[in-house]
Amino acid sequence: MKTLEWRENCLIILDQTCLPTEIKYREACTYQEVAEAIKKMEVRGAPAIGAAASFGFALGALAFKGNCLDFWDYMETVRAELEETRPTAVNLVWGLRRMQNRMYEMKKEWDIDKIKEALVEEAKAIAVEDVRINRKIGEYGNTLLPDKVNILTHCNAGSLATVDYGTALGIVRSAHDSGKNLHVYAGETRPFLQGARLTVLELMEYGIPVTLITDNMAGFLMQQGKIDMVIVGADRIAANGDTANKIGTYSLAVLAEEHEIPFYVAAPTSSIDLKISSGEEIPVEERDPCEVRTIMGVQIAPETAKVYNPAFDITPAKYIHGIITEKGIIHPPYSVNLVKILVK
Ligand code: MRU
């Protein structure tokens with residue numbers, strides 16, 4: 001299963017809404033189709049949507065046929081449409097900014113065909129780099145893991161959330177490959193069930209022992225001494241270390257603190273947003289109430305039940321023992337150490 005693949009000027013997307021029961025790929029050959037796939041969460045996970053949006057930007061450029069003077073305004077529309085698909089994961093903004101910078105670097109050539117070519121190459125480079133970055137995160141994270149360990153993770157921060165390999169699950173894979181004896185508890189992650197549908201599927205495919213739990217079981221498992229460590233991904237990390245990740249992450253961090261269990265965040269440095277000083281400023285996406293009233297299309301609450309559906313929450317930095325990036329492990333104080341790692 002490949003999250004994304006660029007083939008003959010088209011982005012092939014694994015439709016994650018169909019997993020685990022069906023493996024279905026969809027072709028996105030226009031930037032609007034990429035935007036649609038991101039909105040519907042056919043492709044999801046911060047690094048994966050960053051890469052998908054970058055390919056979307058390239059597709060937008062490839063479709064341009066008008067007068068080259070109009071190209072720049074048109075590309076601004078493409079960028080804005082892609083950027084507004086999902087507001088929380090900063091990797092989306094990061095990817096689009098990198099694509100835009102590449103485009104302006106080429107502006108002096110006044111050759112739209114060359115710019116189109118360069119943008120396709122830039123999106124491909126973002127995708128290739130993502131895999132390399134995740135492997136580095138895996139290596140650094142593995143240094144924290146003892147030989148025998150029970151890890152709790154939330155949502156899906158695996159290869160399906162990235163171009164390949166994964167962040168939190170990249171660490172698990174790296175430890176497993178180095179011969180460590182590990183076992184993962186995967187929280188199901190209501191309402192979209194990324195844990196049950198995706199994390200469990202991935203780990204079973206890699207032959208890594210995994211046990212599925214519902215989200216409300218985590219505290220009891222910690223009390224029973226079944227969890228040694230919590231590792232989750234991130235959608236946006238503020239300058240002070242406050243971290244947005246899938247709804248439910250904050251509860252796990254508080255529970256981990258109470259039970260003196262180390263809580264780690266694994267993320268590429270592209271998830272760090274120094275423009276945002278604290279978690280309070282991170283935009284939290286609210287999604288369709290239907291996601292809560294139903295499970296996989298089956299109604300589980302009255303049709304008109306009032307629903308609140310924030311897709312992410314913010315874990316205060318004080319609960320985070322370390323942030324594992326491709327440049328190394330960042331420890332508190334985050335306000336100092338996040339800046340240091342970014343200039344490294
Ligand atoms: O709504 P999703 O499925 O895109 O949310 C995904 C998460 O919250 C992940 O934990 C995060 O993006 C990190 S993925 C490496």
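In this text, all values refer to a predicted model and were calculated from it rather than measured experimentally.

Thresholds, definitions, all that
- Residues numbered from 1 in each chain as written.
- Predicted model: local features only at pLDDT ≥ 70, side-chain atom pairs only at ≥ 80, totals over all residues.
- Heavy atoms only, no water.
- Helix = DSSP H or I, 4+ residues; strand = E, 2+ residues; numbered from the N terminus.
- Contact = heavy atoms within 4.5 Å.
- UniProt positions renumbered as here; feature names shortened; annotations may be inferred.
- Buried < 20%, exposed > 50% of the residue type's maximum accessible area, 1.4 Å probe, protein only.
- Core = buried A, V, L, I, M, F, W, Y, C linked by side-chain atoms within 4.5 Å.
- Near = heavy atom within 4 Å.
- Polar contact = N/O pair within 3.5 Å; in protein donor to acceptor, adjacent residues only side chain to side chain.
- Nonpolar A, V, L, I, M, F, W, Y, C, P; charged D, E, K, R; others polar.
- Domains from an automatic or database assignment.

Draft legend 1. Highlighting the environment of Ile 171. You can see Ile 171 is positioned in helix 6 (residues 168-177). On a C-alpha basis, the gap between Ile 171 and Ala 244 in space is 20 Å, while along the polypeptide they are 73 residues apart. In this view, Ile 171 contacts Ile 137, Gly 138, Gly 141, Asn 142, Leu 145, Ile 231, Ala 266 and Ile 324; residues no more than four positions away in its chain are not counted.

Draft legend 2. Here's a closer look at the UniProt feature "binding site: substrate" (unreviewed entry) in the protein chain. Taken from the UniProt record, the annotation "binding site: substrate" (unreviewed entry) applies to Arg 44, Gly 45, Ala 46, Arg 86, Gln 194, Asn 245 and Lys 246. Looking at the element boundaries, Gly 45 is found in the loop between helix 1 (31-39) and helix 2 (46-63). For Gly 45, a relative accessible area of 12% gives the class buried. Within the element layout of this structure, Lys 246 appears in strand 9 (residues 243-246). A relative accessible area of 6% means that Lys 246 is categorised as buried.

Draft legend 3. Molecular detail of the nonpolar core. Ranked by size, the top nonpolar core spans 43 residues in total, and within it Leu 11, Phe 57, Phe 71 and Leu 119 carry the most contacts. For this core, the elements supplying multiple residues, two or more each, are strand 1 (4-6), strand 2 (11-14), helix 1, helix 2, helix 3 (71-83), helix 4 (90-105) and helix 5 (112-142). Counting residues per element, this core draws most heavily on helix 2, at eleven residues. Discounting residues that sit within four places of it in the chain, Phe 71 has contacts with Ala 61, Phe 64, Met 103, Ile 112 and Ile 115. In this structure, Met 222, Ile 320, Ile 330 and Leu 338 belong to the second largest nonpolar core, which totals 27 residues.

Draft legend 4. The arrangement of the site of the ligand in detail. Every one of the 18 residues lining the ligand counts as a neighbour, but Arg 44, Arg 86, Asp 235, Asn 245 and Lys 246 are closest to it. Between the ligand and Gly 45 there is a distance of 2.9 Å, counted from an oxygen atom to a backbone nitrogen or oxygen. Taking Asn 245, its side chain carries an N or O atom lying 2.7 Å from an oxygen atom of the ligand. In terms of residue class, the shell around the ligand is built from eight nonpolar, six polar and four charged. Counting contributing residues, the shell around the ligand receives three or more from each of domain 1 (4-135) and domain 2 (138-342).

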